[in-house]
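Per-entry structural report
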Amino acid sequence: MAAPPASLSGRDEGFVSLSSPSPSAALLLPASAESRASSGTSGSFAYLTIKDRIPQILTKAIDTLHRHKNEFFEKHGEKGTEAEKKAISLLSKLRNELQTDKPIIPFVEKFVDTDIWNQYLEYQQSLLNENDGKPRWFYSPWLYVECYMYRRIHEAIIQSPPIDDFDVFKESKDQNFFESRESIIALCTHLQEVVTAIEDLDENQLKDEFFRLLQISLWGNKCDLSLSGGDTSSQKTNIINSLEELKPLILVNDMEHLWSLLTNCKKTREKASITRVDIVLDNSGFELVTDLVLADFLLSSQLATEIHFYGKTIPWFVSDTTIHDFNWLIEQMKESDDKCMSKCGAAWETYINMGRWVYQDHIFWTLPHEFCVMSQVAPDLYAELQKAHLILFKGDLNYRKLTGDRKWEFTVPFHQALNGFHPAPLCGIRTLKAEIQVGLRPGQAEQYMASEPNWLTTGKYGVLQFDGPL
Ligand SMILES: O=P(O)(O)OC[C@H]1O[C@](O)(CO)[C@@H](O)[C@@H]1O
Ligand SMILES: [Mn+2]
């Protein structure tokens, strides 16, 4: 693997801004297409995603629409049935385009990000103009093609009123939550015990607890529904009992840095001032519970005084959290017949009502752009993140966007791979599900490569990787 040339840093290049989209603005990317993971590299994980996983996800989405036929009819009459047919035909067309490697086409339906998406597609086109080629599904940077696919699913739905608010992935997300019930109960019971005894915990016990909940949030990321092609992927066992066994699988473990940062904030903070932790959420279902449990602990232990969560504006990568998933999950917790679950649900609702937990979304999270262009494409979001004392980026896709999904050397420092994206101290918390990893020790990658050829993509390994002043 070769590191991309340093001169391709995005900092001094022009980008279209979300706040002033203009088709004539210079739309440049920070890295050449060659330096990124490409869907055309036969046998690569990217190639297999486009060839196998994505058609499978599309087929499931079509099937879901079909199964809701009666519901659409009951709600909207004939119009509902017609809309279901339209959405299915648009998704079938999309699957056909992909499987026959047709050119990537622009979006037609007006939505808040349509212009910026189309400008981005034009830019991708312009990269290929020398050869008079058109960007196609199998010969493009993987990150953008995959994001494009989810945005096209959304387009098919919004083109099919009155079912234009239907989330084709909702059922699977909810199922993931229900199937993880035992594990969620164990986690909530644990949290309630900790919170009740929190005043009596000494510094070391607090630290152990913080580390435990960070690791639970890390392994919660195994439960995404995109790696499995939309198939169920829930947490069936009590994760707390497995942490010691899983510890050697954390390839980069910067938990100590997070602890020093937050304890330092706690000690030095003035009475009325705040410590804000932002969590860029990933998957709903079990993973979201692990993130909320961590967030609860951060407040209860006073390591933080305010938590901001970021979710997705549209259904994304099958299991990603939208505001509906976030509210639905808290409601389910609150209404649960398990005492500890309902206690958690009630506490979390109170945090929201008090403004100690804030949920925010922004269209930038469902654009194809890597994070190093955020300050130019979405300066308002960048400014918001700058207010945090620490930002936790959950999941594999966020890690790919943090590092630009480029073919970095495994030993390149995380700071360098962030390519100028330093809104605040941050931590990538992901299980490895894409052929990218930075910040490893010399020889570390080689060691895994020799014994496990798929070590980068199965979700078996994880990182808690920090960047910020120490
Ligand atoms: O939910 P996560 O952790 O972002 O993972 C999503 C999945 O999507 C991908 O980013 C692309 O398919 C994979 O690498 C990963 O399996
Ligand atoms: Mn996800």
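See the structure above.
Note that this is a predicted model, so its numbers are computed, not measured. (Residues numbered from 1 in each chain as written. Chains lettered and ligands numbered in written order. Predicted model: local features only at pLDDT ≥ 70, side-chain atom pairs only at ≥ 80, totals over all residues. Heavy atoms only, no water.)

What to know about the coordination of the manganese ion (ligand 2)
In the first shell of the manganese ion (ligand 2), the protein supplies Asp282 (OD), Asn283 (OD1) and Asp320 (OD), at 2.1 to 2.3 Å from the metal. Here the donor residues for the manganese ion (ligand 2) map to a single chain with the spacing D-N-x36-D. Here Asp282, found in the loop between strand E2 (276-280) and helix H11 (286-300), pairs with Asp320, found in the loop between strand E3 (306-311) and helix H12 (323-335); they are 38 residues apart in sequence, far enough to count as distant. The exposure class of Asp282 is buried, given its relative accessible area of 7%. For Asp320, a relative accessible area of 2% gives the class buried. (Donors = N, O, S within 2.8 Å, 3.2 Å for Na, K, Ca; no water. Helix = DSSP H or I, 4+ residues; strand = E, 2+ residues; numbered from the N terminus. Buried < 20%, exposed > 50% of the residue type's maximum accessible area, 1.4 Å probe, protein only.)

With respect to unusual backbone geometry
The step from Pro161 to Pro162 runs through a cis peptide bond, and the omega angle for that step is 5°. Among the secondary structure elements, Pro162 is positioned in the loop between helix H5 (142-158) and helix H6 (170-179). Backbone geometry places Asp101, a non-glycine residue, at a positive phi of 55°. Within the secondary structure, Asp101 sits in the loop between helix H3 (78-99) and helix H4 (114-128).

Description of the nonpolar core
Among the nonpolar cores identified, the biggest contains 151 residues, and Phe210, Trp348 and Phe421 are the most heavily contacted of them. Here the element with the most residues in this core is H5; it accounts for 11 residues. Counting residues domain by domain, this core receives three or more from each of domain 1 (31-158) and domain 2 (170-467). (Core = buried A, V, L, I, M, F, W, Y, C linked by side-chain atoms within 4.5 Å. Domains from an automatic or database assignment.)

Considering the site of ligand 1
Glu146, Asp282, Asp396, Leu397 and Lys433 are the nearest of the 18 residues found near ligand 1. At a separation of 2.4 Å, an oxygen atom of ligand 1 approaches a polar side-chain atom of Glu146. Between Arg400 and ligand 1, the recorded distance is 2.8 Å, taken from a side-chain N or O atom to an oxygen atom. Broken down by secondary-structure element, the contributors of at least two residues to the shell around ligand 1 are helix H1 (45-67), H5 and helix H16 (396-402). (Near = heavy atom within 4 Å. Polar contact = N/O pair within 3.5 Å; in protein donor to acceptor, adjacent residues only side chain to side chain.)

Looking at the pairing of strand E6 (residues 426-431)
For a regular strand, side-chain orientation follows a simple rule: the groups alternate between the two sheet faces. Burial analysis of E6 places six of its six residues in the buried class, which makes it a mostly covered element. Residues of E6 alternate between two faces, with Leu426, Gly428 and Arg430 on one and Cys427, Ile429 and Thr431 on the opposite face, all of them buried. For strand E5 (residues 390-394) and E6, the ladder comprises four bridges, and the chain directions are parallel. Looking at E6, one finds that Ile391 is bridged to Leu426. Sheet topology places E6 next to strand E7 (residues 462-467); six bridges connect them, and they run antiparallel. (Pairing = 2+ DSSP bridges.)

Don't take any of this as a statement about function, it's just geometry.
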